[in-house]
Amino acid sequence: MAIAYIALGSNLDSEYGNRTQTLCAACDRLGRLGRMVMRSSLYETEPVGFLEQGPFLNAVVALETELEPLPLLRSLLAIERELGRDRSRGVLKGPRTLDLDLLVMGDSVMAEDELTLPHPALAERRFVLAPLAEVAPQLRLPTGRQTIAELLVLMSDEGENRVSAVRRLPAPPDPCWPTR
């Protein structure tokens, strides 16, 4: 069994409800792939890359799973499709009902057409590092020396990665999103 750290994001409502409800529906489905060990708070974040869109809700979950990395990735993509995301349409980094990214999976290091682990942009995105540091501050990437908490502290406070662009939200009134 490995621990997979998965980033979740949404900035569009889906047939399952608002952004929080969509992330909750995704977590329900993730629970079928293993055991949810930890779940971060929700973070409201400004868009990165394509700026002409609404804010995102982001979070990270830790999932204990028996799946290997590629089958897990394919399952994540199936969940995205089930919850209304069509990666073949729309603007790159544009609005989406759901985004699931496999960030880190145990000590796996790989670079294939379909999957790179650890996620190649993980250390460059405050909207990923902040919730990941909440659930796994002492995690060290298999390709690096610093912990996730250290990477977050070292990140520059400017542009799309400024601290004010990533806001931890108070616990939502929706009971589907308990933290920890």
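Here the structure is shown first, and the text comes after it.
Residues numbered from 1 in each chain as written. Predicted model: local features only at pLDDT ≥ 70, side-chain atom pairs only at ≥ 80, totals over all residues. Heavy atoms only, no water.

Novice: Talk me through the pattern of salt bridges; I want residue IDs and the actual numbers.
Specialist: Inspection of every chain in the model, using the stated rule, returns eight salt bridges. Residue R162 is joined to E46 by a salt bridge in which the shortest nitrogen-to-oxygen separation is 2.6 Å. Residue R162 is located in the loop between α4 (148-154) and β8 (166-168), and its partner E46 is located in the loop between β3 (43-45) and β4 (56-65); the two are separated by 116 residues in the primary sequence. Exposure remark for R162: the relative accessible area of 27% places this residue in the partly exposed category. Relative accessible area serves as the criterion here: at 30%, E46 is assigned to the partly exposed category. The closest approach of N and O atoms between D99 and R96, which form a salt bridge, is 3.1 Å. Across this residue pair, the class does not change: D99 and R96 are buried. Connected through salt bridges with shared partners, the residues R19, E44 and R167 form a single ionic network. (Salt bridge = Lys/Arg side-chain N within 4 Å of Asp/Glu carboxyl O. Helix = DSSP H or I, 4+ residues; strand = E, 2+ residues; numbered from the N terminus. Buried < 20%, exposed > 50% of the residue type's maximum accessible area, 1.4 Å probe, protein only.)

Novice: How would you summarise the nonpolar core if you had to cite specific residues and measurements?
Specialist: With 27 residues, the main nonpolar core has I6, L8, L30, L72, L76, I79 and L102 as its most contacted residues. For L8, the contacting residues outside a window of four places in its chain are L23, A26, C27, L30, L57, N58, A59, V60, V61, D99 and L100. Membership of the second largest hydrophobic core comes to 23 residues, among which are L103, L132, L141 and M155. (Core = buried A, V, L, I, M, F, W, Y, C linked by side-chain atoms within 4.5 Å. Contact = heavy atoms within 4.5 Å.)

Novice: Describe the pairing of strand β1 (residues 2-10), naming the residues involved and giving the relevant values.
Specialist: Counted residue by residue, β1 has seven buried out of nine residues, so it is predominantly covered. Looking at chain direction, β1 and strand β5 (residues 99-105) are connected through six bridges and run antiparallel. Bridging across to β5, A7 finds its partner in D101. (Pairing = 2+ DSSP bridges.)

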